[in-house]
Amino acid sequence: MVAAMGCCEATNPDLLGAVEGAAPPGARGTPRRPAAGEPWDRRTTLKSLAAVAGVVAVSGCGSDVPEGATRVRLAFCGQLLCVVPYEVARVRDHFAAEGLAVELVYTRGGNAAMQALVGGAVDYAGTSFDVVLQAAANGAPIRRVASTGRLPLFALAAAPAAAGEIDGPGALGGRTVGVSALGNADHALLLFLLERTGVDPARVRFAAIGTNVFDALRLGQVDAAMLQEPALSLIVEAGGRELANFMEIEEARRHLGGTYEFMGVAVRAAERDRRLPEIRSLGAALARGLHDTRTLPPAEVVAALPAALVAGGDVERLERVIDRYRLSLYPERVGVDADAAARVARAQEVAGLLRPGQVDLDRLLDADALAG
């Protein structure tokens, strides 16, 4: 089985009520909900998330936390390429330099991180924008204040057996294409691509394969599939063909029309004004983390990651992946990008996950939070 470095997320959970939806299939334990009228508190919500395996681990605050630093808890999807700038910022003491002691709370997916934010267990949530849109559509009072990833962590590839016949997305009519699940982020992105390419999705057969998309593609059980790294590199080595690589900035411009808002930070709307100096300090630290991620030798970037994330993996391949994609995936600035966010919203509309105009992007995106 090939472990994905990216993030593949269900985009249509019920996020209101926060914690109960965090359990993965087969998980034991039912989180305790507060009694009627009892507010969500951090301890209750973190215990609930831990009970259903929503919280995986908590990363430290860095090697040099200044006395009197503001303590901040930030939960995020614990997928590898998403977390890189955050861990780089932590290890290189960029948070500490801004007077922050940041705990990075790893969760199993962005949905669990968003649930922790809405439930009051953490101060901020780092998730894909797909998750933010669905939370807002379900009434969650949140604001997106910073961006740390500007492209989705997916690519469309043809199976080795079909690589000579399928030369691009326009050739998918009459073919079977694998996705993790219908309604997931990769499926919504694929439908958006088909719309832009002019391919009638009714002419494409979608196979919901789950986490083992790589083997299904390698064995020719599907003609093409949406993949992450390192599965993409491995399928190309096996004779497959890249059809559209959304992790490459020029490919994203060609196939999607531009950048596509992905990883970033959200805060509870009611706390935005009170936390504004803190948000700007967090943004400044993440900006330096992004710069380091884009410029340091890949081996130093990988060395900043917690050992548990890379244990048992192919470190050299990870270094090559980071070296290949980092200038595309990670933006130069942390400010939110309205055009990139609008593309994600359109993809969810095409997939039937959002109604047109259901989410007010002008309200959800806080372009002023990092200004000044």
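Residues numbered from 1 in each chain as written. Predicted model: local features only at pLDDT ≥ 70, side-chain atom pairs only at ≥ 80, totals over all residues. Heavy atoms only, no water.

### Quick word on the overall build of the protein chain
So, step 1. Each helix and strand counted, the protein chain has 15 helices and 11 strands in total.
So, step 2. Residue burial in the protein chain is summarised as follows: out of 372 residues, 57% are buried.
So, step 3. Nonlocal contacts in the protein chain, meaning residues at least 24 apart in sequence, comprise 81% of its contacts between residues at least 6 apart.
So, step 4. For the protein chain, the accessible area works out to roughly 14,700 Å², and carbon and sulfur atoms hold 48% of it. (Helix = DSSP H or I, 4+ residues; strand = E, 2+ residues; numbered from the N terminus. Buried < 20%, exposed > 50% of the residue type's maximum accessible area, 1.4 Å probe, protein only. Contact = heavy atoms within 4.5 Å. Areas by Shrake-Rupley, 256 points an atom, 1.4 Å probe, with all protein chains shown as cover.)

### Focus on unusual backbone geometry
So, step 1. Going from Glu229 to Pro230, the amide bond is cis rather than trans, its omega being 10°.
So, step 2. One non-glycine residue with positive phi stands out, namely Asp93, at about 65°.
So, step 3. As for its placement among the helices and strands, Asp93 is situated in the loop between helix 2 (80–91) and helix 3 (94–97).

### Overview of the sheet that holds strand 7 (residues 176–179)
So, step 1. Taken in spatial order, the 5 strands of this open sheet run 8-7-9-6-10, and their pairing is mixed. Every other strand in the sheet has two partners, leaving strand 8 (205–208) and strand 10 (241–245) as the edge strands with one partner each. Across the sheet, the mean angle from the axis of one strand to that of its neighbour is 25°, orientation sign disregarded.
So, step 2. For strand 6 (residues 155–158) and strand 9 (residues 224–227), the ladder comprises 4 bridges, and the chain directions are antiparallel. If you follow Ala158 over to strand 9, its bridge partner there is Ala224. (Pairing = 2+ DSSP bridges. Axes fitted to C-alpha atoms, helices over the stretch in contact; angles between N-to-C directions.)

### Quick word on the packing of aromatic side chains
So, step 1. Summed over the entire model, instances satisfying the criterion amount to 3 aromatic pairs.
So, step 2. Plain terms: the ring middles of Phe76 and Tyr106 are 4.8 Å apart, the flat faces sit at 85° to each other, and that makes the pair edge-to-face. With Phe76 in strand 2 (residues 70–77) and Tyr106 in strand 3 (residues 100–107), this residue pair connects regions lying 30 residues apart in the sequence. With respect to burial, Phe76 and Tyr106 carry one shared label: buried. (Phe/Tyr/Trp six-rings, centres within 6.5 Å; stacked < 30°, edge-to-face > 60°.)

### Concerning helix 14 (residues 338–350)
So, step 1. The first and last C-alpha atoms of helix 14 sit 18 Å apart over 13 residues, in line with the 18 Å expected at 1.5 Å per residue.
So, step 2. Elements in contact with the buried residues of helix 14: helix 5 (129–137), helix 6 (185–197), helix 9 (249–256) and helix 15 (361–364).
So, step 3. The backbone nitrogen of Asp339 has a side-chain oxygen 3.0 Å away, supplied by the residue at the start of helix 14, namely Asp337. (Expected span 1.5 Å × (residues − 1). Polar contact = N/O pair within 3.5 Å; in protein donor to acceptor, adjacent residues only side chain to side chain.)

### As for helix 2
So, step 1. Look at helix 2: 16 Å from first C-alpha to last across 12 residues, which is about the 16 Å you get at 1.5 Å a residue.
So, step 2. The buried fraction of helix 2 amounts to 11 of the 12 residues, a majority that puts the element mostly inside the structure.

### Side note on the environment of Ala135
So, step 1. Within the secondary structure layout, Ala135 lies in helix 5.
So, step 2. Overall, the relative accessible area of 0% leaves Ala135 in the buried class.
So, step 3. Along the chain, Ala135 and Met114 lie 21 residues apart, while their C-alpha atoms are 7.6 Å from each other.

### Here's the deal with the pairing of strand 6
So, step 1. In strand 6, alternate side chains face the same way, and those of Ala155 and Ala157 on one face and Leu156 and Ala158 on the other are all buried.
So, step 2. As judged from the 4 bridges shared by strand 6 and strand 10, these two strands associate in the antiparallel manner. When the bridges of strand 10 are listed, Leu156 appears paired with Ala244.

### Remarks on the confidence of the model for the protein chain
So, step 1. When pLDDT is averaged along the protein chain, the result is 86; 82% of the residues meet or exceed 70.
So, step 2. Low confidence marks residues 1–6, where pLDDT is under 50. Its contacts with residues over four positions away, or in another chain, come to 22 contacts.
So, step 3. The model gives residues 11–53 a pLDDT under 50, and that stretch makes 77 contacts with residues more than four places away or in other chains. (pLDDT = per-residue confidence, 0-100.)

### Some remarks on the pattern of salt bridges
So, step 1. Under the criterion given, the structure shown has 26 salt bridges.
So, step 2. The salt bridge involving Glu250 is made with Arg253; its shortest N-O contact spans 2.7 Å. Placement of both Glu250 and Arg253 in helix 9 is noted, with a separation of 3 residues, approximately one turn of the helix.
So, step 3. One continuous salt-bridge network, built from bridges that share partners, spans Asp123, Arg268, Glu271, Arg274, Arg275 and Glu278. (Salt bridge = Lys/Arg side-chain N within 4 Å of Asp/Glu carboxyl O.)

### Some details on the environment of Gln115
So, step 1. Considering the arrangement of structural elements, one finds Gln115 in helix 4 (residues 110–118).
So, step 2. It is 9.6 Å that separates the C-alpha atoms of Gln115 and Ala140, two residues lying 25 residues apart in sequence.

### Things to note about the nonpolar core
So, step 1. Judged by nonpolar contacts, the single largest core of 114 residues is most densely connected at Leu156 and Leu172.
So, step 2. Among the elements that line this core, the one with the most residues is helix 2, at 8 residues. (Core = buried A, V, L, I, M, F, W, Y, C linked by side-chain atoms within 4.5 Å.)

### A closer look at the packing of helix 6 against helix 9
So, step 1. Interaxial distance between helix 6 and helix 9 falls to 9 Å at its minimum, and their mutual angle equals 60°. Taken together, helix 6 and helix 9 sit at an angle that is classed as oblique. Here helix 6 contributes Leu189, Phe192, Leu193 and Arg196 to the contact with helix 9, which in turn contributes Arg254, His255 and Leu256.
So, step 2. Taken together, the residues of the contact of helix 6 with helix 9 break down into 4 nonpolar, 1 polar and 2 charged. (Parallel < 35°, antiparallel > 145°, perpendicular 65-115°, else oblique. Nonpolar A, V, L, I, M, F, W, Y, C, P; charged D, E, K, R; others polar.)

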